[in-house]
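Okay, here's what each chain looks like letter by letter:
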Amino acid sequence: GAGVSQSPSNKVTEKGKDVELRCDPISGHTALYWYRQSLGQGLEFLIYFQGNSAPDKSGLPSDRFSAERTGGSVSTLTIQRTQQEDSAVYLCASLFALNTGELFFGEGSRLTVL
Amino acid sequence: EDQVTQSPEALRLQEGESSSLNCSYTVSGLRGLFWYRQDPGKGPEFLFTLYSAGEEKEKERLKATLTKKESFLHITAPKPEDSATYLCAVQALGYSTLTFGKGTMLLVSP
């Protein structure tokens, strides 16, 4: 596809369950970001991948959060033992060139933890 | 720590009523300041990048300006389709991540 694709678009889960969110970036984009957007809050940085370099995990809020990027393309964000405060929209973005700052965002995965 | 503060939180305009949105920032060294537009249920969409004080960028009814402490997004003669949340973000020198503000929700009434 032409844009960043995220799935699922909506996920409702019970507290304590694990969830996986998927991001398929734009082909040829070497950088991939995950952000979280909670109601009334700004976008919160989670993790950043650039090529084959070690990811920048400095934004992950706890060790229940992890992410991987396979083959330099598709990324999966995993949240273990979900808590109600994890409820948010998880946004993925890809970037072609670091000097532009022009992130291309997907439409997000809305996670609701009951 | 980089900080971005946007004001007002919400703004209601009549069609044709020009106004400005403010983005104040604190960053150790600015690599770039970015404006994005976000429609409900969608991901943010890139609008502008500004790199240095005094720089201006324009796109249709939008004009972004930058000083050493803040940026303004001027909206001239807005239309209802300009209704959206406008996000400001900064990137510090040597860093790859963007720090976002909470946004300004703009509603333009016909």
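What you see is a predicted model; the values in this text were computed from it and never measured. (Residues numbered from 1 in each chain as written. Chains lettered and ligands numbered in written order. Predicted model: local features only at pLDDT ≥ 70, side-chain atom pairs only at ≥ 80, totals over all residues. Heavy atoms only, no water.)

### Here's the deal with the side chain of Gln6 of chain A
Residues and elements named next belong to chain A.
Then step 1. By the secondary structure assignment, Gln6 is in strand β1 (residues 5-7).
Then step 2. Under the relative-accessibility criterion, Gln6 is labelled buried at 12%.
Then step 3. A distance of 2.9 Å separates a polar side-chain atom of Gln6 from the backbone nitrogen of Cys92.
Then step 4. Looking at Gln6, its side chain comes within polar contact range of the main-chain nitrogen of Gly108, at 3.1 Å. (Helix = DSSP H or I, 4+ residues; strand = E, 2+ residues; numbered from the N terminus. Buried < 20%, exposed > 50% of the residue type's maximum accessible area, 1.4 Å probe, protein only. Polar contact = N/O pair within 3.5 Å; in protein donor to acceptor, adjacent residues only side chain to side chain.)

### Here's the deal with the sheet that holds strand β6 (residues 65-69) of chain A
Residue and element names in this part refer to chain A.
Then step 1. Strand order in the open sheet formed by 4 strands is β1-β3-β7-β6, and the pairing between neighbours is antiparallel. Either end of the sheet is taken by a strand with one partner, and the two such strands are β1 and β6. Ignoring strand direction, the axes of neighbouring strands in this sheet form an average angle of 15 degrees.
Then step 2. By the bridge criterion, 3 bridges tie β1 to strand β3 (residues 19-24) in an arrangement that is antiparallel. Within β3, the residue paired with Gln6 across the bridge is Cys23. (Pairing = 2+ DSSP bridges. Axes fitted to C-alpha atoms, helices over the stretch in contact; angles between N-to-C directions.)

### Structural notes on unusual backbone geometry
Then step 1. For the peptide bond that leads from Ser7 of chain A to Pro8 of chain A, omega is -10 degrees, which places it in the cis range.
Then step 2. Relative to the helices and strands, Pro8 of chain A is located in the loop between β1 and β2 (10-13).
Then step 3. The linkage connecting Ser7 of chain B with the following residue, Pro8 of chain B, adopts the cis geometry, with an omega of -10 degrees.
Then step 4. Positive phi, close to 50 degrees, is recorded for Arg81 of chain A, a residue that is not glycine.
Then step 5. For Arg81 of chain A, the position within the fold is in the loop between β7 (75-79) and β8 (88-95).
Then step 6. Phi is positive for Glu60 of chain B, which is not a glycine, with a value near 55 degrees.
Then step 7. Within the element layout of this structure, Glu60 of chain B appears in the loop between β6 (56-59) and β7 (62-66).

### Side note on the packing of aromatic side chains
Then step 1. The full count for this structure, using the stated rule, is 9 aromatic pairs over all chains.
Then step 2. Judged by centre distance (6.3 Å) and plane angle (55 degrees), the rings of Tyr35 of chain A and Phe105 of chain A are tilted. Note that Tyr35 of chain A is positioned in strand β4 (residues 31-37) and Phe105 of chain A in strand β9 (residues 104-105), a separation of 70 residues in sequence.
Then step 3. Judged by relative accessible area, Phe105 of chain A falls into the buried class, the value being 11%.
Then step 4. Seen from their ring centres, Tyr35 of chain A and Phe100 of chain B are 5.4 Å apart, and the 85 degrees between their planes marks the pair as edge-to-face. In this pair, Tyr35 of chain A sits in strand β4 while Phe100 of chain B sits in strand β10 (residues 99-100), so the two residues belong to two different chains. The exposure classification of Tyr35 of chain A matches that of Phe100 of chain B, with both residues buried.
Then step 5. Site record: aromatic cluster; members linked through ring pairs are Tyr33, Tyr35, Phe45, Tyr48 and Phe105 of chain A together with Tyr36, Phe46 and Phe100 of chain B. (Phe/Tyr/Trp six-rings, centres within 6.5 Å; stacked < 30°, edge-to-face > 60°.)

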